[in-house]
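# Residue-level structure breakdown
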Amino acid sequence: MANDQKIQQQRYRLVLIILTAIVAFLISVELISSWSQPKAQSQLNLYQSDLLLQASEWQPVLEEDQTKSLSNPLLDADPVTSALKTYRQVRTSVQTDLERIEQTTANASDDPETLAQQQNRSQFRDNLDLRIGLLLAQSGQVEDAIATWSPLTTSSTLVSNESAAASILIGLWSDPPQLLPNAQQSLKSQLSGWFEGQALERLFTLSQRQDDLTTLQIDQQVTASNALARVVTINGLTLVGNGVGVIILLVWLVRSWRQRAGNSSSSPSPHPLQDFQTPPADAEGEPTSDTPAIDESKAYLAQTSLANSVLWPPDLIWQVMVLWFIAFFGVSLSIPLLIYVLGIQPTALGARPQVYLAFSNYAILVVVGLSILIWSLKGFLSTPFKWFRIRWQGNWLVWGMSGYFAALPLVILIALLNQKILGDQGGGNPLLELIIQSHDPVTASLLFIMVAGLAPFFEEILFRGFFLTSLTRYLPMWGAIGVSGIVFAIAHLNLADILPLSVLGCVLGFVYSRSRNLLASMLLHSLWNSGSFLSLLILGSSAR
């Protein structure tokens, strides 16, 4: 009998090893693939530059008795030069990406996906050149601007409208100027925001359309005023949040030092439920799978030690995480495959169908993930879900709020370091572009529910509620927090996100370990995603 159990255990571990190898392979492929993708931060930098350009056009309305002009505080920062630098950096990155794709195309010339990616990147590069030329023209470098636009008029990657826009811009800044037909329509179709305004202002001035010019300038001031308010809101909240976060971090450090000093002078007392909470162990000192299911409300009483409530062996931790990753890849691959078989092209239908698919995909993952957890823990707990530490009592609100502010300076600092290391490579969350394109309330609402509701709820249950808590049985607390934070970051499958999300995961783990309540880390997670969501909506408004 003992030999049969041993053989069964060996087979069980062999299956886990095979599944782990599959998961490791899939994760490696995704991370390597993300390295070849443009970093999402590059696109966000462009949106931020566009917003600053719009805000720089703001001029205060003066009273009749005022003779001293008031300047826009953003003009001292020279937003045109700053935007030109950003656009050139992104353009260089796109060109490098194109060269890599062209090498891939040479080896797989019949791959439609590769050809479509090459065409999209080429058009994006050419659109960047349109905007770079406008920035050069506005900074007085007209000859360089015309030299930037000229290749676009003969580029094989451009459709007729884009080629026409380049020709129109060359004519507007030539000496003498040349006004081409349908100029206004073409410029409005290819440009947006500040760039559209500058091109139309030049067109209306040269064609002496004073009424249109006056209307445009009024609209520009309204847009600039709104943009300035958004810039002040983003920068102000970020500055205040980082300041509060630094103060909270200092308070935490002081309290931790005092606690360590106090603990060193006194011997710890045993927990009253320690004997009850320690599960039966085998010869190697690990909990056995024969542990009877108990009433989790008793395990709930072990508030001073997360480890004392863990009643399962390390193999079960391994099993849950591997099965969840298998389910994650299974759902993530099966739904796109089904869409492909049905001949549906979500990108051609607009942002809302893509959001529906993303929401459905994540909702399925939540249901599957919770099912895996409940099924795996059923042999150890009568009602597994009640084992998770979700309680409305206590100071979880304070921990969640303070944890959010503490995470701000830490993650921003690591993100800046990460930018220096990876540059513009490393991929990014595909939801970022969907959030930026969320123009209607339904799309924005679904995305917000997903990123600020579903994601914090499920990910905190899995990574902090189960994974971190289980690891505390076999690792010191700092080790459990670190490992769970790294796995949390890797699960997002983007090289560019691993360092920042590892830090965020560690802060989430620290808040949970101190509050002993998943509501605290859920609140922190929700606040973080909500802040990022609102910032993306504000930045995305500059592109419309």
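Cut-offs applied
- Residues numbered from 1 in each chain as written.
- Predicted model: local features only at pLDDT ≥ 70, side-chain atom pairs only at ≥ 80, totals over all residues.
- Heavy atoms only, no water.
- Salt bridge = Lys/Arg side-chain N within 4 Å of Asp/Glu carboxyl O.
- Helix = DSSP H or I, 4+ residues; strand = E, 2+ residues; numbered from the N terminus.
- Buried < 20%, exposed > 50% of the residue type's maximum accessible area, 1.4 Å probe, protein only.
- Core = buried A, V, L, I, M, F, W, Y, C linked by side-chain atoms within 4.5 Å.
- Contact = heavy atoms within 4.5 Å.
- Phe/Tyr/Trp six-rings, centres within 6.5 Å; stacked < 30°, edge-to-face > 60°.

## With respect to the pattern of salt bridges
- All chains considered together, the criterion is met by 6 salt bridges.
- Salt-bridge contacts for R131 lead to D50; the nearest nitrogen and oxygen are separated by 3.8 Å. Residue R131 is located in helix 4 (residues 112-138), and its partner D50 is located in helix 2 (residues 40-56); the two are separated by 81 residues in the primary sequence. D50 shares its class with R131; the two are buried.
- Two residues, R464 and E460, come together in a salt bridge whose shortest N-O distance is 2.7 Å. With a gap of 4 residues between them, R464 and E460 both fall in helix 17 (residues 441-471), about one helical turn apart.
- Residue classification places E460 among the buried residues on the basis of a relative accessible area of 0%.

## Some details on the nonpolar core
- Among the nonpolar cores identified, the biggest contains 83 residues, and W312 and F466 are the most heavily contacted of them.
- Examining the composition of this core, we find that 15 residues originate from one element, helix 17, more than from any other.
- For F466, the contacting residues outside a window of four places in its chain are W312, L316, I317, V320, M321, L373, L377, W387, F388 and I461.
- In this structure, Y87, I170, A183 and L200 belong to the second largest nonpolar core, which totals 35 residues.

## A look at the packing of aromatic side chains
- A complete count under the given rule lists 21 aromatic pairs for this structure.
- The interplanar angle of 75° and the centroid separation of 5.7 Å between the aromatic rings of W392 and W396 together place this pair among those described as edge-to-face.
- Residue class for W392 comes out exposed when judged on its relative accessible area of 65%.
- Classification of W396 by relative accessible area gives buried; the value is 16%.
- Ring centres 6.2 Å apart and planes at 70° place the aromatic pair W399 and F510 in the edge-to-face group. Pair noted here: W399 is in helix 15 (residues 396-422) and F510 is in helix 19 (residues 495-515), with a separation of 111 residues, a long-range link.
- Among the residues examined, F510 registers a relative accessible area of 22% and is labelled partly exposed.
- Through pairs of rings, three or more aromatic residues link up here, namely W324, F325, F328, F329, F458, F463 and F488.

## Some words on unusual backbone geometry
- P176 follows D175 through a cis peptide bond whose omega is 5°.
- With respect to the helices and strands, P176 occurs in the loop between helix 6 (160-172) and helix 7 (183-190).
- Of note, L493 is a non-glycine position whose phi angle comes to about 60°, a positive value.
- Structurally, the position occupied by L493 is in the loop between helix 18 (477-490) and helix 19.
- Classification of L493 by relative accessible area gives buried; the value is 10%.
- We note that R516 has phi near 55°; this positive angle belongs to a residue other than glycine.

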